Structure formats: structure tokens, C-alpha cells
Amino acid sequence: MKIQLNENYKQLQESYLFAGIAKKVSAYSQAHPDKKIIRLGIGDVTLPLTPTVIQALQKAVGEMAVQETFRGYPPEAGFDFARQAVVDYYGRRGTKLDLCEVFVSDGAKSDCANLTELFGDNPVLIPDPVYPVYLDSNLMCGRKVTFLQATQENGFLPMPEGLTGEGYLIYLCSPNNPTGAVYNKEQLTQWVDFARRSGSLILFDAAYEAFIHGDYPHSIYEIEGARECAIEICSLSKTAGFTGTRCSWTVVPVELTAGGMSLRDMWERRQATKFNGVPYIVQRAAQAALSPQGIRECQGLVDYYMENARSISALLDKKGIFYTGGQSSPYIWMRCTGNMDAWTFFDYLLENVQVVGTPGSGFGACGEGFFRLTSFGSHEATKEAIARLDSLL
Ligand code: PLP
């Protein structure tokens, strides 16, 4: 072919992290079909949808079966009832949003990646380690990325100290995937102040806000001035077990403007052109999940997973292995034992006890020497994994 391709793709690592893990696990299980593998790797949930969500889904399916209540294309930005459910969810925590600022979507992943389209050639700040989609989606469009190093020394919470430039796109993920580190109000205030001072935009990923325990902001908009410098992305994937159902939202405040253009209007235009909306039945399910009763049921899911996090933490405490996370996040971020690098440790666990985790280096260079375990398994599988790890580490 003689067409020009997007050469930025050459900057990407060969395969997306979890595809790489899946390949290794599949090769191992083909070679050892008798061994039972326990997966504490990919961040997928395992508990079913809650009763309130199921009822809403069933009712919506019924409506789709009747001509009078059948729905075709949904509005690209979401039905008003779903947008209002998001507004109310924030409102119950004291954060005021306008319906027109909420965009319902099929996932935080797509929105994180697609938002890159709205920006010109700005310097990009991305935490290291972090959810890989921020980096890859910026590399795909040829952006220059600078990493914000998250280390044991700074509590895995990089701050703006030392940054002297202007007009940054700043990705923040709190609670963080993979480290579980969560910014407090003072720290987020420093970020917001920095963003306003330097004319920067924060892209705040709150996908794990439901796991927060203690007095930490669940939303960047709990910070004064954030409406003038931040977009927020959030998802029902982990909150309500929607990883397979697919529903999220992005908040773009009306205050966000640059060069005479409104980011809210641009995102509306972008979605209207390239996205045809989230299915009606899924938006009804999202509305139910975000209702007070729905949220109580979601809390039950979170509590279940956090019990796993406590059991994993207890093992690491007993072994004297350094770790963080597991308190306001479903992830435990542990140091690899025996000075192993992250992929060697991955192989060590897979080959010896058939426990699969995620090598920290897959989330950034600062993740080298660390390993992520998730608490999204069943209690039984997690207990079994803990017993196996206890025998090895
Ligand atoms: N943001 C973070 C930080 C995540 O860890 C994940 C998934 O693991 C996502 C976004 C993706 O969420 P969604 O399932 O809504 O696409």
C-alpha cells in the first residue's frame, strides 16, 4: 500500500499490558493444563450486578419490546434522566453540576483516550506509574509526555513543585491505579492552584472514588476553583460492577474555555460526530445504580472486595513486605521480593504458585520492582491465592 500511516504508533510498546499478561498465562496453562491458575491481575470485577440495577434493566428491556416505549438512537450526550442521576449523585455529596456539563459515555477508557482530540500541541504531564491509557493515547497523537514520578519517597503522590511551564495537560488519577494512593484536599488544592496559575487543564480520573475510605475528595470539584481548570472522568465499572455493562460519564464545566473556544461545546460536538450514545437499557441501569438505594447496594460490592484487600494486606504485614494501597482502592501495590524485577516476579509467582498479578513496570518506569494485586476476586479464590503466596514468599 502507498498510504501514509500514523507513525506515532511506532512509539507504543508492542502490546497493551494486559494482552501481554494474557499471552503469558495462556502459554503457561497450555503447557500445564493440570494447574489451576488464580487471577489477581487484570482489574475486572467478579460480583454480579445488584438487584436494583437488574430490576431497572429488566424493566427497560420490557419497554424495548413494546412499540410505544421502544427507543432508537439515544441522545449522544445521554438521556436527561441519566445525566440528572449523575448531577444528583454529586449533589448528595455537596457538589453542584449542571445537566449540560455531564456527558454519559460507554466507558472511562474511551473518554480518557478520546479527550486527547480536543487539544493542540501542549506539554502533557502523566503520573508514573498510572493507568496506561493516558500515555498510549497521547503517544498515538504524537504528544510529548513528561512523567510525574510517583515513588515511595513522595508517598506515590507527585506534586507540582518544580514545574515551571504553562499550558500543561495534567492527568491525575485518585485513588490511583495501580498504587492505590489517594490525594487529600490540601494536595488537590495545590494541584488546582498550580493549574490555574499556569493556565493548565487537569484531567481527573475518579474511576475508583467509590473505594475511598476516610476524608478524601471523591471529586476534583470539591476543590475550590476546579471548575475553571478541570475535566472529570468517572465510571460505574468498578463502583457498580459495570465493566461488562459499560457506562461512565465525563464532566466538562462551562467555565473551561481557551482561545475563545468552549471545551464543553467542543466535547459535545465531538461526541455528536463520533459517538452514537449509550444504550437506553444501560442508561436506565446507570440511573438505578446511582440512586440512593443503588449506591447502598454498590457499597456492598465495595465492602466485599475490600475484605479481600484486608486479607492480602494482612499477609504482606505478616511477611514484612512493603506495600501500599488496599485502603481507599481495590489494588495492593507491593514490592517484589528477593530484589526481583517486576516481570521476573510475575514469572516466579506464575510458575511456582500459579498466582497471576500485574508487573508494576507495565504502568510506568517507576513501577519497576513493584507488583499489583487486585481484590476483585472471590473471597475463596483470594484466600487460596493468599495461602499459596504464604507458602512461597
Ligand atoms: N480509569 C482507570 C484509572 C482505570 O483503572 C480503568 C479501568 O481499569 C478505567 C479508567 C476504565 O474504565 P471503564 O471500564 O469505564 O472504561
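Residues numbered from 1 in each chain as written. Predicted model: local features only at pLDDT ≥ 70, side-chain atom pairs only at ≥ 80, totals over all residues. Heavy atoms only, no water.

Trainee: Is there a simple way to think about the packing of aromatic side chains in this case?
Mentor: Aromatic ring pairs: the centre-centre distance and the angle between the two ring planes describe each pair. This structure, assessed with the given rule, holds 25 aromatic pairs. Considering the side-chain rings of Tyr131 and Tyr134, the 5.6 Å spacing of their centres and the 80 degrees angle between planes classify their relative orientation as edge-to-face. For Tyr131, a relative accessible area of 17% translates into the label buried. Note on Tyr134 and Tyr171: the rings are 4.9 Å apart at their centroids and 25 degrees apart in plane angle, and the pair reads as stacked. Of the two residues, Tyr134 sits in helix H5 (residues 133–140) while Tyr171 sits in strand E5 (residues 169–173), which places them 37 residues apart along the sequence. The same class applies to Tyr134 as to Tyr171, namely buried. The ring of Tyr331 carries Arg372 above its face, with NZ or CZ at 4.0 Å from the centroid. (Phe/Tyr/Trp six-rings, centres within 6.5 Å; stacked < 30°, edge-to-face > 60°. Buried < 20%, exposed > 50% of the residue type's maximum accessible area, 1.4 Å probe, protein only. Helix = DSSP H or I, 4+ residues; strand = E, 2+ residues; numbered from the N terminus. Lys NZ or Arg CZ within 6 Å of the ring centre and 35° of its normal.)

Trainee: Sorry if this is basic, but what is going on with a nonpolar patch on the surface here?
Mentor: There is a patch of nonpolar side chains on the surface, built from Met1, Ile3 and Leu5 and spanning about 430 Å² of accessible area. Tracing the backbone shows Ile3 in the segment before helix H1 (17–31). (Patch = residues over 30% accessible without salt bridge, like charges linked within 9 Å, V, L, I, M, F, W, Y side chains within 5 Å. Areas by Shrake-Rupley, 256 points an atom, 1.4 Å probe, with all protein chains shown as cover. Salt bridge = Lys/Arg side-chain N within 4 Å of Asp/Glu carboxyl O.)

Trainee: Please clarify how the sheet that holds strand E12 (residues 331–335) should be interpreted in this entry.
Mentor: Adjacent strands of a sheet pair through backbone hydrogen bonds, lying either parallel or antiparallel. One open sheet holds the four strands; their spatial order is E11-E12-E15-E14, and the pairing between them is antiparallel. The strands lining the two open edges of the sheet, one partner per strand, are strand E11 (323–325) and strand E14 (358–359). Sheet topology places E14 next to strand E15 (residues 370–374); two bridges connect them, and they run antiparallel. Among the inter-strand pairings, Thr358 is bridged to a residue of E15, identified as Arg372. Across the sheet, helix H9 (residues 292–319) lies against E11, E12 and E15, angled at about 15 degrees from E12, the strand it touches most. (Pairing = 2+ DSSP bridges. Contact = heavy atoms within 4.5 Å. Axes fitted to C-alpha atoms, helices over the stretch in contact; angles between N-to-C directions.)

Trainee: What am I meant to see in helix H8 (residues 280–290) here?
Mentor: Every α-helical turn comprises 3.6 residues, leaving residues that sit three or four positions apart pointing alike. Among the 11 residues in H8, eight count as buried, and that is most of the element. Those residues of H8 not exposed but buried are Tyr280, Val282, Gln283, Ala285, Ala286, Ala288, Ala289 and Leu290. In the core, the buried residues of H8 are packed alongside helix H2 (51–64), helix H3 (80–91), strand E2 (102–105), strand E8 (248–251) and H9.

Trainee: Can you help me understand the pattern of salt bridges in this one?
Mentor: If the charged atoms of two oppositely charged side chains come close together, the side chains can form a pair. Per the counting criterion, the structure on display carries 14 salt bridges. For Glu7, the salt bridge goes to Lys10, with nearest N and O atoms at 3.3 Å. Lys10 shares its class with Glu7; the two are exposed. Of the charged contacts, one joins Arg196 and Glu228 as a salt bridge, the two residues approaching to 2.9 Å between their closest N and O atoms. You can see Arg196 sitting in helix H6 (residues 185–198) and its partner Glu228 sitting in the loop between strand E6 (201–205) and strand E7 (230–235), a full 32 residues away along the chain. Bridged by salt links that share partners, the residues Glu101, Arg227 and Glu255 form one connected network.

Trainee: Mind showing me how you'd approach the nonpolar core here?
Mentor: In summary, soluble globular proteins display a tendency toward joint burial of nonpolar side chains. Counting residues in each nonpolar core, the largest one holds 99 residues, and the members touching the most others are Tyr90, Ile170, Trp191, Ile202, Leu236, Phe242 and Trp249. Looking at this core, the element that brings in the most residues is H9, giving nine residues. Split by domain, the residues of this core number at least three in each of domain 1 (13–49 + 294–392) and domain 2 (51–291). Non-local contacts of Ile202, meaning those with residues more than four positions away in its chain, are made with Ile170, Leu172, Trp191, Val192, Ala195, Cys229, Ala230 and Ile231. Ranked by size, the runner-up nonpolar core spans 25 residues in total, among them Ile126, Tyr134, Tyr171 and Leu256. (Core = buried A, V, L, I, M, F, W, Y, C linked by side-chain atoms within 4.5 Å. Domains from an automatic or database assignment.)

Trainee: Looking at this structure, I do not really get the packing of H9 against helix H11 (residues 379–392). What am I missing?
Mentor: Between two packed helices, what matters for the description is the angle formed by their axes and the separation of those axes. Following both chains from N to C, one finds H9 and H11 inclined at 10 degrees, their axes separated by 10 Å at the closest point. Between H9 and H11, the interaxial angle falls into the category roughly parallel. On H11, the residues touching Tyr304, Glu307, Asn308, Ser311, Ile312, Leu315, Lys318 and Lys319 of H9 are His379, Glu380, Thr382, Ile386, Leu389 and Asp390. Broken down by class, the residue content of the contact of H9 with H11 amounts to five nonpolar, four polar and five charged. (Parallel < 35°, antiparallel > 145°, perpendicular 65-115°, else oblique. Nonpolar A, V, L, I, M, F, W, Y, C, P; charged D, E, K, R; others polar.)

Trainee: Explain the domain arrangement of the protein chain to me, please; I cannot follow it from the model alone.
Mentor: Interface extent is often summarised as the accessible area lost during association of the parts. Domain boundaries assigned for the protein chain yield domain 1 (13–49 + 294–392) and domain 2 (51–291). When each unit is reduced to the centre of its C-alpha atoms, the spacing between domain 1 and domain 2 is 26 Å. Interface area, domain 1 with domain 2, both sides summed: about 3000 Å², of which 62% is carbon and sulfur. The largest share of the area that domain 1 buries against domain 2 comes from Leu49, Ser328 and Cys366, three residues that together contribute 24% of it. Our count for the domain 1 to domain 2 interface comes out at zero salt bridges. Elements that contribute at least two residues to the side of domain 1 that touches domain 2 include exactly H9, E11, E12 and E15. Among the elements that line the side of domain 1 that touches domain 2, the one with the most residues is H9, at nine residues. (Buried area = accessible area lost by both parts, 1.4 Å probe.)

Trainee: Would you mind going over the pairing of E7 with me for this structure?
Mentor: Consecutive side chains of a regular strand alternate in pointing toward one face of the sheet and then the other. Of all six residues in E7, six are buried; the element is thus mostly enclosed. Along E7, one buried face is formed by Ala230, Glu232 and Cys234 and the opposite face, lined by Ile231, Ile233 and Ser235, is buried too. Alignment of E6 against E7, held across four bridges, turns out to be parallel. Counterpart to Asp205 in the pairing with E7 is Ile233. Two elements, E7 and E8, share four bridges in a ladder whose sense is antiparallel. Across the sheet, Ser235 pairs through a bridge with Ser248, a residue of E8.

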